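So the chains spell out like this:
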Amino acid sequence: NAGVTQTPKFQVLKTGQSMTLQCAQDMNHEYMSWYRQDPGMGLRLIHYSVGAGITDQGEVPNGYNVSRSTTEDFPLRLLSAAPSQTSVYFCASSYVVDGTQYFGPGTRLLVL
Amino acid sequence: SQKIEQNSEALNIQEGKTATLTCNYTNYSPAYLQWYRQDPGRGPVFLLLIRENEKEKRKERLKVTFDTTLKQSLFHITASQPADSATYLCALRGSQGNLIFGKGTKLSVKP
């Protein structure tokens, strides 16, 4: 099992550009989520999904979109990047909403 | 509002000593609490889960306690080693049902 994979590992964007952060898991987990991690702020939940076709907002959803068309994939879209979105992004999955989370290796994003 | 506090941003100890990390919470009634380890440049990795009816849980050199009256969990690493140096995060179920993470404590074990 590859577990949770994320691409790209690192990305530089200019303000206003759009991009998609990819996340995939091969553990057949129903629950997937996106977090951002900033110094001094800890992990903050952006969006989550409890199954294919179902998504919901977390603590900091503004500026981000998600969709869940399959159990395996949960991409995160930045529609118009802003410097405030410079962060490290982690995707996670689990069997249940509040169960043990399996995290991906992260995507480091720099918005200039 | 619900809050999780890990009251030390950083903890420095000598190799061989016991490291004790604290996780306090307010306005929660969690059924269980989780602890994760995060190494620089990597995602968090699950270590231990302790349920509200368990006072203590052990895994090798790790020990976790959970006091629902004090609203506190303690995470101990005995006979600490430099390889234990990492950031340790506690997590609880939030009001939406998702896990909410504390900001973490960075542990440094000096040889």
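Residues numbered from 1 in each chain as written. Chains lettered and ligands numbered in written order. Predicted model: local features only at pLDDT ≥ 70, side-chain atom pairs only at ≥ 80, totals over all residues. Heavy atoms only, no water.

**Notes on a nonpolar patch on the surface**
Right, so step 1: A cluster of nonpolar side chains, contributed by Phe-10, Val-12, Leu-110 and Leu-112 of chain A, occupies part of the molecular surface with about 360 Å² of accessible area.
Right, so step 2: You can see Leu-112 of chain A is positioned in the segment after strand 11 (107–111). (Patch = residues over 30% accessible without salt bridge, like charges linked within 9 Å, V, L, I, M, F, W, Y side chains within 5 Å. Areas by Shrake-Rupley, 256 points an atom, 1.4 Å probe, with all protein chains shown as cover. Salt bridge = Lys/Arg side-chain N within 4 Å of Asp/Glu carboxyl O. Helix = DSSP H or I, 4+ residues; strand = E, 2+ residues; numbered from the N terminus.)

**Description of the nonpolar core**
Right, so step 1: If you look at the biggest cluster of nonpolar residues, it comprises 23 residues, and the most contacted ones within it are Leu-33, Trp-35, Phe-75, Ile-77, Tyr-88 and Leu-107 of chain B.
Right, so step 2: Elements with a minimum of two residues in this core: strand 3 (19–26), strand 4 (32–38), strand 5 (45–51), strand 7 (62–67), strand 8 (72–77), strand 9 (86–93) and strand 11 (105–110) of chain B.
Right, so step 3: What Leu-33 of chain B contacts, discounting residues up to four positions off in sequence, is Cys-23, Leu-48, Leu-49, Ile-50, Phe-66, Ser-73, Cys-90, Ala-91 and Leu-92 of chain B.
Right, so step 4: Formed by 20 residues, the second largest nonpolar core is a distinct cluster that contains Val-4, Leu-13, Ile-46 and Leu-78 of chain A. (Core = buried A, V, L, I, M, F, W, Y, C linked by side-chain atoms within 4.5 Å. Buried < 20%, exposed > 50% of the residue type's maximum accessible area, 1.4 Å probe, protein only. Contact = heavy atoms within 4.5 Å.)

**Looking at the pairing of strand 1 (residues 4–7) of chain A**
Residues and elements named next belong to chain A.
Right, so step 1: Residues of strand 1 alternate between two faces, with Val-4 and Gln-6 buried on one and Thr-5 and Thr-7 left unburied on the opposite face.
Right, so step 2: Relative to strand 3 (residues 19–25), strand 1 runs antiparallel, the two being bridged by four bridges. Within strand 3, the position partnered with Thr-7 by the bridge is Gln-22. (Pairing = 2+ DSSP bridges.)

**Details of the interface of chain B and chain A**
Right, so step 1: Of the residues lining the interface, 17 residues belong to chain B; the matching set on chain A comes to 21 residues.
Right, so step 2: The junction of chain B with chain A conceals about 1,500 Å² of combined surface from both sides, 49% of it contributed by carbon and sulfur atoms.
Right, so step 3: Counting across the chain B and chain A interface gives one salt bridge.
Right, so step 4: The tally of links between chain B and chain A comes to nine residue pairs in polar contact (both at pLDDT 80 or more).
Right, so step 5: Mapped by element, the contributors of at least two residues to the side of chain B that touches chain A are strand 4, strand 9 and strand 10 (99–101) of chain B.
Right, so step 6: When residues of the side of chain B that touches chain A are assigned to their parent elements, the largest contribution, four residues, is made by strand 4 of chain B.
Right, so step 7: In terms of residue class, the side of chain B that touches chain A is made up of seven nonpolar, seven polar and three charged. (Buried area = accessible area lost by both parts, 1.4 Å probe. Polar contact = N/O pair within 3.5 Å; in protein donor to acceptor, adjacent residues only side chain to side chain. Nonpolar A, V, L, I, M, F, W, Y, C, P; charged D, E, K, R; others polar.)

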